[in-house]
Amino acid sequence: MRQAQSQWHCPAVSAGLVRDGALVWSTHVGSARLDPHSEPADDTQYMIGSITKTFTAVLIMALRDAGRLSLDDRLERYLPRTRHGAVTIRQMLAHASGLQREPVGRIWENLDAPDQERLLRELEDAEQVLPVHFAFHYSNLAFALLGQIVEQLEARAWNDVVTERILAPLEMKNTSLEPDDSGRALGYQVHPHTAVATLEPKFDLNATAPLGGLWSTVADMARYGAFVADPIDEVLSFESLDEMCRPLIMTDVEGWARAYGLGYDLQRIGERVLVGHGGSMPGFLAGLRVRRQDRVGAVVFANSTAGAEPVALAGQLVTAVLDTEPSLAPVWTPSQSQPDFEGLLGSWWAEGEEIVFEVRDNVLWSRIPGGLPIADTRFARVDGGRFRAVAGREGGELLEITRGQGGRVERMHFATYALTRSPTSFADLLL
């Protein structure tokens, strides 16, 4: 942390680590306010910028889960007279809509963000700069429009919705669009040659707040990082958060180390994939990285317009923890007797390849001996003769059981492929 603050020439850098749902470490280097000097703390508010997008995405997914929208709804359902009506909610969440990067105008020059009326009026002057799904193209405009969808369905301000649906349940009491001006960190531009720090103006994003307007603290973002690792149903289901963290479009088409899901950025560091987001606003940079499987996350803030790399540092912090103190293996316990699984378990063969069916934690699984864990499949019972793959290889497909006289299992079919008790050629299957 001290090395980063010194190398970045940043007035302050704050960071926290969350593990198993709790803030387990934090530290702060430098000055939240330069004149007079004010040391940052766990409850010092920084602007988190585009990490806000993940909150907007969670609201959209919660509305989807409540049956109030579909991710494949077209924008014209909510803005019926827009010429951009063909783009879908899913495309906007994944930055695959092709919409231009920013709202119309030059808000990053004049810091004059539009109100709702102007945002929607000027939308008709916005360009679709790429075809949909042609390439990853970051669009702040798209997330401003997603905020408008939330407001239309909820019939109230986005700020009220995010407070009730996310901030309150997660007890993020110091996260809001309006910070405490007496104690918040001040943002600075540090000149790269003179090292002089110039105070940046506070930026009110108005109707575009859903793309990056939240202020938060190390303590609050630790709570949010814990939610990303292990969500609570009051906010969003585990399955929906999983869906958000699946790659939909590659952002690094050469190295395949970065991708984007539904509102979350994904990054491969070594053998691990971390999720989160970065944030940038005048005077502030922020980074969130979470290794969901290990329930470890890091948040990093810097009160500088440029020069800091909080996303990279957050990833380094998570990696350092897991390299030095890996997560403990779960305690194994025996399964209960499962008479219904008799005849299904053990080795089966398909296309000359062995597939082993076994019980884990009282649930039916399959694995390929010597294969990668991602090839393991978890099944849920549909009825007496069928199971469905609910996780892993061939997710969604059916496992069908064929029984002979006396109920003996004679054959199984998985995704229509025949499974036999011994290696069998296609020619033998025809007999």
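This structure is a prediction, so every number in the text was calculated from the model and none was measured. (Residues numbered from 1 in each chain as written. Predicted model: local features only at pLDDT ≥ 70, side-chain atom pairs only at ≥ 80, totals over all residues. Heavy atoms only, no water.)

Gaps left between atoms show up when a probe the size of a water molecule is rolled over them. Following the criterion strictly, the structure yields two cavities of 30 Å³ or more and no others. Volume-wise, the largest cavity comes out at about 60 Å³. Looking at the second largest cavity, its volume works out to about 40 Å³. In terms of lining, the second largest cavity is formed by Gly 16, Leu 17, Val 18, Leu 23, Met 221, Ala 222, Gly 225, Leu 288, Gly 297, Ala 298 and Val 299. For the lining of the second largest cavity, the elements supplying multiple residues, two or more each, are strand E1 (12–19), helix H8 (218–229) and strand E14 (296–302). When grouped by side-chain class, the residues that make up the lining of the second largest cavity number eight nonpolar, three polar and no charged. (1 Å grid on protein atoms, 1.4 Å probe; cavity = no way out; pocket = protein on both sides within 12 Å on 5 of 7 lines; lining within 4 Å. Points joined across faces, edges and corners; volume = space filled by probe spheres on them. Helix = DSSP H or I, 4+ residues; strand = E, 2+ residues; numbered from the N terminus. Nonpolar A, V, L, I, M, F, W, Y, C, P; charged D, E, K, R; others polar.)

Counting 78 residues, the largest nonpolar core has Phe 55, Ile 89, Met 92, Ile 149, Met 221, Tyr 224 and Phe 227 as its most contacted members. Of the residues forming this core, the biggest block, nine residues, is contributed by helix H6 (residues 140–154). Filtering out sequence-adjacent residues up to four positions away, Phe 227 remains in contact with Val 58, Leu 170, Ile 232, Val 235, Leu 236, Leu 241 and Tyr 264. In terms of nonpolar packing, the next biggest core, distinct from the first, is built from 19 residues, Cys 10, Leu 17, Ala 298 and Val 300 among them. (Core = buried A, V, L, I, M, F, W, Y, C linked by side-chain atoms within 4.5 Å. Buried < 20%, exposed > 50% of the residue type's maximum accessible area, 1.4 Å probe, protein only. Contact = heavy atoms within 4.5 Å.)

What follows deals with the layout of surface pockets. Roughly 1600 Å³ of internal volume is contained in the largest pocket. Around the largest pocket, the lining is made up of 33 residues, and of these Asp 242, Arg 291, Arg 292, Gln 293 and Ile 374 lie nearest the centre. For the lining of the largest pocket, the secondary structure elements donating two or more residues are helix H9 (238–244), strand E10 (258–260), strand E11 (265–269), strand E12 (272–281), strand E13 (284–291) and strand E19 (386–392). Considered class by class, the residues forming the lining of the largest pocket number 17 nonpolar, three polar and 13 charged. Here the second largest pocket is characterised by a volume of approximately 380 Å³. Lining of the second largest pocket is provided by 22 residues; of these, Ser 50, Tyr 138, His 277, Gly 278 and Gly 279 occupy positions nearest its centre. At the level of elements, E10, E11, E12 and helix H10 (310–324) are the ones that each hand at least two residues to the lining of the second largest pocket. Among the elements that take part in the lining of the second largest pocket, E12 stands out by supplying five residues, more than any other. For the lining of the second largest pocket, a count of residues per class yields eight nonpolar, eight polar and six charged.

Under the counting rule described, the total for this entry stands at eleven aromatic pairs. Both rings, one in Phe 379 and one in Phe 414, keep their centres 5.3 Å apart while their planes meet at 65 degrees; by these two values the pair is edge-to-face. Here Phe 379, found in strand E18 (residues 377–383), pairs with Phe 414, found in strand E21 (residues 409–414); they are 35 residues apart in sequence, far enough to count as distant. Per residue, the accessibility class of Phe 379 equals that of Phe 414, and both read buried. Cluster of aromatic residues (ring-pair linked, three or more members): Tyr 46, Trp 215, Phe 284 and Phe 301. It is Lys 53 that lies over the ring of Phe 143; its NZ or CZ is 5.9 Å from the centre. Its guanidinium or amino end placed over the ring of Phe 238, Arg 292 lies 5.2 Å from that ring's centre, counting from NZ or CZ. (Phe/Tyr/Trp six-rings, centres within 6.5 Å; stacked < 30°, edge-to-face > 60°. Lys NZ or Arg CZ within 6 Å of the ring centre and 35° of its normal.)

Another point: the pairing of strand E20 (residues 398–403). Judged from the three bridges that link them, E19 and E20 form a sheet pairing that is antiparallel. Each bridged residue has a counterpart across the sheet, and for Arg 388 the counterpart in E20 is Leu 398. Hairpin connection, E19 to E20: the antiparallel pair is bridged by five residues, and Glu 394 has positive phi, about 60 degrees. In this structure, E20 lies alongside E21, joined through five bridges in antiparallel fashion. When the sheet's bridge partners are listed, Leu 399 is paired in E21 with Phe 414. (Pairing = 2+ DSSP bridges.)

Strand order in the open sheet made by the eight strands is E15-E16-E17-E18-E19-E20-E21-E22, with antiparallel pairing throughout. The open sheet has two edge strands with one neighbour each: strand E15 (346–350) and strand E22 (417–419). Direction aside, neighbouring strands of the sheet carry axes that sit 30 degrees apart on average. (Axes fitted to C-alpha atoms, helices over the stretch in contact; angles between N-to-C directions.)

Moving on, we get to the environment of Leu 345. For Leu 345, the location among the structural elements is in the loop between H10 and E15. With 221 residues separating them along the chain, Leu 345 and Glu 124 place their C-alpha atoms 60 Å apart. Non-local contacts of Leu 345, meaning those with residues more than four positions away in its chain, are made with Phe 357, Glu 358, Val 359, Leu 364 and Arg 421.

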